[in-house]
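# Residue-level structure breakdown
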Amino acid sequence: MTQHLEERDTRTMGDPDYRDTGLEFPAGFVFGSATASYQIEGAHDADGRGPSIWDTFSHTEGKVFNGDTGDVACDHYNRLDEDLDLMQDLGLESYRFSIAWPRIQPTGRGPANEAGLAFYERLVDGLLARGIKPIVTLYHWDLPQALEDDGGWTSRATALAFGDYARIVGERLGNRVALWTTLNEPWCSAYLGYGSGAHAPGRTEPAAALAAVHHLNLAHGLAVSALRKVVTNNPDFAITLNLHVFRPDGETGPEAVRRVDGLANRLFLDPVLNGTYPQDVLDDTAEITDWSFVQDGDLELIRQPLDVLGVNYYSTNRVRMWDGEGQKESSDGHGAATGTAWPGAENVEFLQQPGPYTDMGWNIDPSGLEDLLVSLHDQFPELPLMITENGAAFPDTVEVDADGARRIHDVDRIDYLRRHFTAAHRAVARGVDLRGYQVWSLMDNFEWGYGYSKRFGIVHVDYDTFERTPKDSSRWYAQLIRDRRIPPVD
């Protein structure tokens, strides 16, 4: 995964800081934006929706900043038409959204909840009516709480239930969706949910995290298989991974990269695309688990033919092996936690990287996106890629003009997007089959453990009134979409 990440001499020439303008994207390249159900929908108990692990987690004292919850979020559930019109006004060509499993099956099993299906049917139909391509993510972390009570992603039964859920959704929407994505960032679901405890369900069990990795992989394979049996419009199938870009530091850097790359990247890429688990990672984690939850035939089920690989990218990491002296640095970008997100690699040190940083504390490095895309293309040259998330949180300031109009001059976000679109274009120029770019996020939203304190949106949301205000970044992006080239910055 990382063998190409240090190769700089073959990069496309341009501004050394990736601040190019005028770069034109090829015909067919799809410009869109992305959201996730729990982060924007609200209506947490409306129309038969059951509780999810994030409902439970956010209502647990001390788990989320300021005690924030997704109970109301952006109230998207009740403002659907307004938000669809907003997407159309921005000129979006695609919209990546996730379906809340507990809206479809309140306990994760059993018959479908008609009201939940009807909401997403209205969403898809509304997108199509406005000429916007629907990109569906079946799972963006809101597992039905009833399934977690029975073991969650540590249990094989959850993967089997996910296959049935995929079938139900596919039967209803399978003649209209252009691209199906099974899972969003299973790394986060497994390691932050069951290892570090930073995300729901908040467990800190290394063996459980590795079991969750496998059952998420299995769920992906079962979902693709189920969808293929019921869809009728010849859509594309994908999985979205938050593939980490690791830079080695010093003599022990390469060994540190091998260890964390195995956990973060190869434990997902290898089974999904090659039908194997990396032996070195199995060896590294042998004292934690014997991997007996992997049953005969599982890897064949997981390795389903894919049309697209979704890539989420935000920042990079620099790593080395900890020498045991002093305080180990743990700047992996995922915040402080009581457990570990790196089972079997606890002696890897994540070094603080030089700035500038986003409001999340993540370093800004567009070269990492270019390197990642090129590396994936080199390894899987026949597999098209799509950037399914990229964006940045910054502390926006709302200004009110003399005429009462609200303005958000988010120059840092525009600069971030400009540099990363330049990185994507340079990857295309180097031969990468990149099919599109979904900016994260369409609107400010509930940012998981950070609550409402971090704003990623290109559209501002007033959490008191729910008024939507397009930021300057949205206008910049609308121009990019309209002209199909990176616009200048005023």
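Structure's up top.
Presented here is a report on the structure given in the accompanying data block. (Residues numbered from 1 in each chain as written. Predicted model: local features only at pLDDT ≥ 70, side-chain atom pairs only at ≥ 80, totals over all residues. Heavy atoms only, no water.)

Helix and strand content of the chain: 15 helices and 15 strands. For the chain, whose C-alpha radius of gyration is 21 Å, the value lies close to the compact-globule estimate of 23 Å for 490 residues. Dimensions of the chain, computed from the C-alpha atoms along their principal axes, are close to 65 × 55 × 45 Å. Counting the 490 residues in the chain, one finds 61% classified as buried. Here the contacts in the chain between residues at least 6 apart in sequence split such that 78% fall between residues at least 24 apart. For the chain, the computed accessible surface area is about 17,500 Å², with 47% contributed by carbon and sulfur atoms. Both charge centroids of the chain, one from 43 positive and one from 76 negative side chains, sit 3 Å from each other. (Helix = DSSP H or I, 4+ residues; strand = E, 2+ residues; numbered from the N terminus. Rg over C-alpha atoms; globule rule 2.2 N^0.38 Å. Buried < 20%, exposed > 50% of the residue type's maximum accessible area, 1.4 Å probe, protein only. Contact = heavy atoms within 4.5 Å. Areas by Shrake-Rupley, 256 points an atom, 1.4 Å probe, with all protein chains shown as cover. Lys, Arg positive; Asp, Glu negative; His and termini not counted. Charge placed at Lys NZ, Arg CZ, Asp CG, Glu CD.)

Tallying each qualifying case throughout the model produces 41 aromatic pairs. For the ring pair Trp 187 and Tyr 191, a centre distance of 5.5 Å and an interplane angle of 55° mean the geometry is tilted. In this pair, Trp 187 and Tyr 191 are both assigned in helix H8 (residues 186–196), 4 residues apart and thus about one turn of the helix distant. Across the pair, exposure class does not vary: Trp 187 and Tyr 191 are buried alike. Residues Phe 421 and Trp 476 carry aromatic rings whose centres are separated by 6.3 Å and whose planes lie at 55° to one another, so their mutual orientation is tilted. Here Phe 421, found in helix H14 (residues 411–429), pairs with Trp 476, found in helix H15 (residues 472–483); they are 55 residues apart in sequence, far enough to count as distant. The two residues Phe 421 and Trp 476 agree in class, both being buried. Grouping aromatic residues by their ring pairs yields a cluster made of Tyr 38, Trp 54, Phe 57, Trp 141, Phe 446, Trp 448, Tyr 452 and Tyr 463. Sitting over the face of the ring of Tyr 18, Arg 426 holds its NZ or CZ atom 4.2 Å from the ring centroid. (Phe/Tyr/Trp six-rings, centres within 6.5 Å; stacked < 30°, edge-to-face > 60°. Lys NZ or Arg CZ within 6 Å of the ring centre and 35° of its normal.)

A word on the state of the cysteines. Counting across every chain of the model gives 0 disulfides. With no disulfide of its own, Cys 74 lies closest to Cys 188 among cysteine sulfurs, the gap being 19 Å. Residue class for Cys 74 comes out buried when judged on its relative accessible area of 0%. For Cys 188, a relative accessible area of 4% translates into the label buried. (Disulfide = S-S within 2.5 Å.)

Once that is clear, we can look at the layout of surface pockets. Looking at the second largest pocket, its volume works out to about 280 Å³. Together, 18 residues line the second largest pocket, and Ser 330, Asp 332, Gly 339, Thr 340 and Trp 342 are the ones closest to its centre. Put simply, the parts of the chain that give the lining of the second largest pocket at least two residues each are H8 and strand E9 (348–351). Of the residues belonging to the lining of the second largest pocket, the class tally is 9 nonpolar, 6 polar and 3 charged. (1 Å grid on protein atoms, 1.4 Å probe; cavity = no way out; pocket = protein on both sides within 12 Å on 5 of 7 lines; lining within 4 Å. Points joined across faces, edges and corners; volume = space filled by probe spheres on them. Nonpolar A, V, L, I, M, F, W, Y, C, P; charged D, E, K, R; others polar.)

Quick look at helix H9 (residues 206–230) now. If you check H9, its first and last C-alpha atoms are 37 Å apart, about what 25 residues at 1.5 Å a residue would give, namely 36 Å. H9 sits mainly inside the fold: 19 of its 25 residues count as buried. (Expected span 1.5 Å × (residues − 1).)

For the rest of this paragraph, the subject is empty space enclosed by the protein. Counted by the stated rule, this structure contains 3 cavities of 30 Å³ or more. In this structure, the largest cavity spans a volume of roughly 50 Å³. Lining the largest cavity are Ile 53, Trp 54, Tyr 139, Trp 141, Trp 153, Cys 188, Ser 189, Tyr 194, His 199 and Ala 200. Elements with a minimum of two residues in the lining of the largest cavity: helix H2 (53–58) and H8.

This part covers the pairing of strand E5 (residues 236–241). For E5, the tally of buried residues reaches 5 of 6 residues, placing the bulk of the element in the interior. As judged from the 4 bridges shared by strand E4 (residues 179–184) and E5, these two strands associate in the parallel manner. The partner of Leu 179 across the bridge, within E5, is Asp 236. (Pairing = 2+ DSSP bridges.)

With respect to the helices and strands, the residue Phe 446 is situated in the loop between strand E13 (434–440) and strand E14 (459–461). Taking the relative accessible area as the measure of exposure, Phe 446 reaches 0% and is therefore buried. Once residues within four sequence positions are removed from consideration, Phe 446 is found in contact with Tyr 38, Gln 39, Trp 54, Ser 58, Val 64, Asp 68, Thr 69, Gly 70, Gly 451 and Tyr 452.

All right, on to the side chain of Glu 370 then. Residue position: Glu 370 is located in helix H13 (residues 366–379). At 2.8 Å, the side chain of Glu 370 forms a polar contact with the side chain of Arg 430. (Polar contact = N/O pair within 3.5 Å; in protein donor to acceptor, adjacent residues only side chain to side chain.)

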